[in-house]
Amino acid sequence: MPTTIYFSGSISGGRADVALYRRIVDVLEADGFHVLAGSVAAEHVSDGGEALDPCFIFDRDIGWIEEADVLVAEVSTPSLGVGYEIAAARYRYDIPVICLYRPAYTKRCSAMISGDRKIELIEYDEVDTMLPRLRESLHRERRSRARLPSTPA
Ligand code: 6K6
């Protein structure tokens, strides 16, 4: 079973990083991960988001987080929705969270992310150096999950 990743990135918060989101998702898919990203990495989706009912989007995205083994969030563009999804992953579904942050991009990363010892925060300047670190973290997660006894049905 491939590891399922929920990928979270800004929509209403701003779409300046959409090409970066697309690149991260492509690399993870090429590496064999199953990535649930909805329209986050879709370059045709602007900060207006998908033309869908907000309740539908909420139910779908929360359902995807429930299905996921790990949540990866690019947090350089501050976004209410990304923060909400991180909290849902941490406190509702108790799945690992990896956040990607470029320090030069905003004044600082929120303490609600950088101060959470259970979130792995990968700070980076260059995408090319961040991607191997992210892949290594995900492969480590996969190995540690493989060692856990499976949950009875
Ligand atoms: C529709 C109605 C109100 O806002 C919208 C925008 N449409 C969205 N479409 C798809 N996913 C969305 C939308 N709005 C938020 N999300 C989810 O929250 C995505 O999965 C992102 O990971 C995250 C982005 O949050 P914001 O606050 O930047 O939009």
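Higher on the page you've got the structure.
Glancing now at the site of the ligand. As a structural note, the neighbourhood of the ligand is formed by 21 residues, with I11, S12, D61, S79 and E85 the closest of them. In this structure, an oxygen atom belonging to the ligand sits 2.7 Å away from a main-chain N or O atom of S12. At 2.7 Å, a side-chain N or O of S79 approaches an oxygen atom of the ligand. The fraction of the free accessible surface of the ligand (580 Å²) that becomes covered by protein chains is 82%. Mapped onto the shell around the ligand, the elements with two or more residues apiece are β1 (4-8), α2 (54-67) and α3 (80-92).

Let's shift gears to the environment of M112. As for its placement among the helices and strands, M112 is situated in helix α4 (residues 111-114). Each C-alpha atom, one on M112 and one on A87, is 9.4 Å from the other, the two residues being 25 residues apart in sequence.

Counted according to the given criterion, the structure contains two aromatic pairs. Both rings, one in F58 and one in Y84, keep their centres 5.8 Å apart while their planes meet at 70°; by these two values the pair is edge-to-face. Pair noted here: F58 is in helix α2 and Y84 is in helix α3, with a separation of 26 residues, a long-range link. The ring centre of Y91 lies 4.8 Å from the NZ or CZ of R90, which sits over that ring.

Cut-offs and rules
Residues numbered from 1 in each chain as written. Predicted model: local features only at pLDDT ≥ 70, side-chain atom pairs only at ≥ 80, totals over all residues. Heavy atoms only, no water. Near = heavy atom within 4 Å. Polar contact = N/O pair within 3.5 Å; in protein donor to acceptor, adjacent residues only side chain to side chain. Areas by Shrake-Rupley, 256 points an atom, 1.4 Å probe, with all protein chains shown as cover. Helix = DSSP H or I, 4+ residues; strand = E, 2+ residues; numbered from the N terminus. Phe/Tyr/Trp six-rings, centres within 6.5 Å; stacked < 30°, edge-to-face > 60°. Lys NZ or Arg CZ within 6 Å of the ring centre and 35° of its normal.

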